[in-house]
Every structure is written in C-alpha cells, then in structure tokens.
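# A look at the structure
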Amino acid sequence: MRVNSKGLAIALIDVEQAVDGEWQHYAHDVDVIRVQDPPAHTWPRLREAGFLPKPQVLEWRAGTCESEEAYLATLARKDRYDIRIAYRNAADAHLSLTTEALTAASLADFLALYEQEIGRMRHGWAVAVEQRDRILDEADTYFAVVARSGGELVGACLSQDLKPADEIRARFSAVTAEQRSSSLARVLYWETLREARLRGRARVCLGRDVNLYGHVGNAGLFSFKSRLGFAAVPSQRAEPASGSHQADRVVRLTALSDPALVLSYGPADDAAAAVASALCLNVFTTDAASLDVRPYRGVELAGTVVHELKSG
C-alpha cells in the first residue's frame, strides 16, 4: 500500500514482502519502503534484506550535570566555541533574555512567531498550534526562555517542568530567520539547561522527533541537538508503553534532503534489549565520496554507516 505523508511517498508492506524481495515493485515510485511494527524475532531477517529496524520516534535527552563547567567539559572544543559565539551574537544584537512564567498572552505571542516560522518550512507541522488548549490547561507547569529585540519577540523556547520525572522537557521553540542564522536557538536551549540546573532537575529533554531526518526535521537538526550534548534514544526508553517499531528501507531522496538520516537498532536478543542499547546512525546520500559525516557525529551512538543511493 502506498501512502503520502507530508510529501513523502511511503510503501507499507509486510515482513514477507520485505524478505522475499517484493519490495522492489515499489522502488521506483516511493522514497521509503516500510514495515510497520514488525515482530522482534523478524528483525534479523529484515536486516539481511536491507531493512533497518528502528524506533519510530526519538527522544533527545541529556543529564544536567552538577555544574555548567562539568557539562561544557563533555562537549567538543568547537561546540563550546559555538555556544560562546551564539551568546556574543545575542549581546551584539542587544537582545534581552528572560525566563518567564507562561501566560495566555505570552503563548499567543509565541504562537504568532511559531506559525510564521513553521510556514517557511518545506514540510512544516504546527504542533504547538494544535496543542494550544492543552498547553494552556497545563500552563502552571511551563516556563518560557524568551529573547526580545526592543520589546519585539524574536525567539522563545517553551518548556515543561515535569517534577515527578525529575526532568525539564523543552516542548516548542521558534526564532526569527535572522536570529536563526545568529544561532539564537543555541542560547535559548542553553538557558533552558541553566534553568533546569537551578530547579535541581536531573535531566533535560530536547523534544521528540520522527526518526527520519531529511523530511519534517532535517539532518542539520540532528547535528544541532547532538552538538549541544544531547543523545537521541528510543522514545520507549523514556516511556516504555510509548512509540512503535518500524523497519525502513530508504530507496531514493526525491522528497528527502541529501543526506537523510535514520537511527537503527543494533543486533539484540529482543526488543527490550534493542531499546536499551545504543543506536546506529545510518546516513543516506547520492555522493558518499564527497560527504563529510563529521557534522553528524552523535552522543552515545554505536557507529555510523553511509549508504549511497543512485541519483535521480
């Protein structure tokens, strides 16, 4: 069965079709061939057939560490430098940075900016707009790190303080196009980490992403979150009853960026063991010889595999 997901053509097939090679009937018409929720005992056969068993959704997590200095020590020198530059850019632009309680008025201001920036994306999805009422119902658990220029909102990150889980969850963020190029997002997330440390929370979650970078989220998003010290883990690790498993075979990049990224499970005895283990980064490109994979280094990865696809 062929489906279209925000411009991405996907063929949904079963395990036997994948293993027997029937997937090839779809290879020229779709971007991704997928087996949804394959039983764990079939994963070895699916791997042999070129499919990648993987979590459907990833959660980005980092421990706050006992101090900012300790956290910085876990980052590469270039990544520490980029954080300093982002703060310098904010200072040069005379931006004000504050951490505030979330109100109906401040949420409305944020959503206006958020919708504007989502509208610039090729496959944007305004999730925060869909969840507006729920956010307001839970507003007392939220705070916002806000950046303004002369009183005008130019960036914000809305986070939820989940005290029982001992974590801060960065839920939604947006910055103007100008401030994106100045790395304001780095500042907003770094201030969120500081707030989590002040509140004594053990961990920060930098949101959840669909496990296919190059579509709604691009490969640069993976790189950005990794270089801030966050690790991408299966959503099931955080919430055992959440998320699904998939087995994907990327066959073309027509509707995907080049490169496109997928994080797959490594060999494991069962699904629980796979979820608990480090993920492998799979990079899909039409030009492996010219691709520099260094920007896609990740935290706690089992390794990186480059897959070259035919162009066109």
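The following refers to the structure shown.

About the criteria used
Residues numbered from 1 in each chain as written. Predicted model: local features only at pLDDT ≥ 70, side-chain atom pairs only at ≥ 80, totals over all residues. Heavy atoms only, no water. Helix = DSSP H or I, 4+ residues; strand = E, 2+ residues; numbered from the N terminus. Phe/Tyr/Trp six-rings, centres within 6.5 Å; stacked < 30°, edge-to-face > 60°. Buried < 20%, exposed > 50% of the residue type's maximum accessible area, 1.4 Å probe, protein only.

## Topic: unusual backbone geometry
Of note, the bond from Asp258 into Pro259 is cis; its omega dihedral lies within 30 degrees of zero at 10°. Here Pro259 is to be found in the loop between β12 (245-250) and β13 (260-264). Positive phi, close to 55°, is recorded for Asp37, a residue that is not glycine. Positionally, Asp37 belongs in the loop between β3 (32-36) and α2 (43-48). The phi dihedral of His94 is positive, around 55°, even though this residue is not glycine. In this structure, His94 sits in the loop between α4 (77-92) and β6 (96-101).

## Regarding the packing of aromatic side chains
Here the structure, examined in full by the defined rule, presents nine aromatic pairs. Each ring, one from Trp60 and one from Tyr213, has its centre 6.5 Å from the other, and the planes form 75°; the classification is edge-to-face. In this pair, Trp60 sits in strand β5 (residues 57-63) while Tyr213 sits in the loop between β10 (203-210) and α10 (219-227), placing the two residues 153 residues apart along the sequence. Comparing Trp60 with Tyr213, the two get one shared label, buried. With centroids separated by 5.4 Å and ring planes inclined at 75°, the aromatic side chains of Tyr71 and Trp190 adopt a geometry described as edge-to-face. Of this pair, Tyr71 sits in helix α3 (residues 68-72) while Trp190 sits in helix α9 (residues 184-198), and the two are 119 residues apart along the sequence. Assigned by exposure class, Tyr71 and Trp190 land together as buried. Among the aromatic residues, ring-to-ring pairing joins Trp60, Tyr213 and Phe222 into one connected group.

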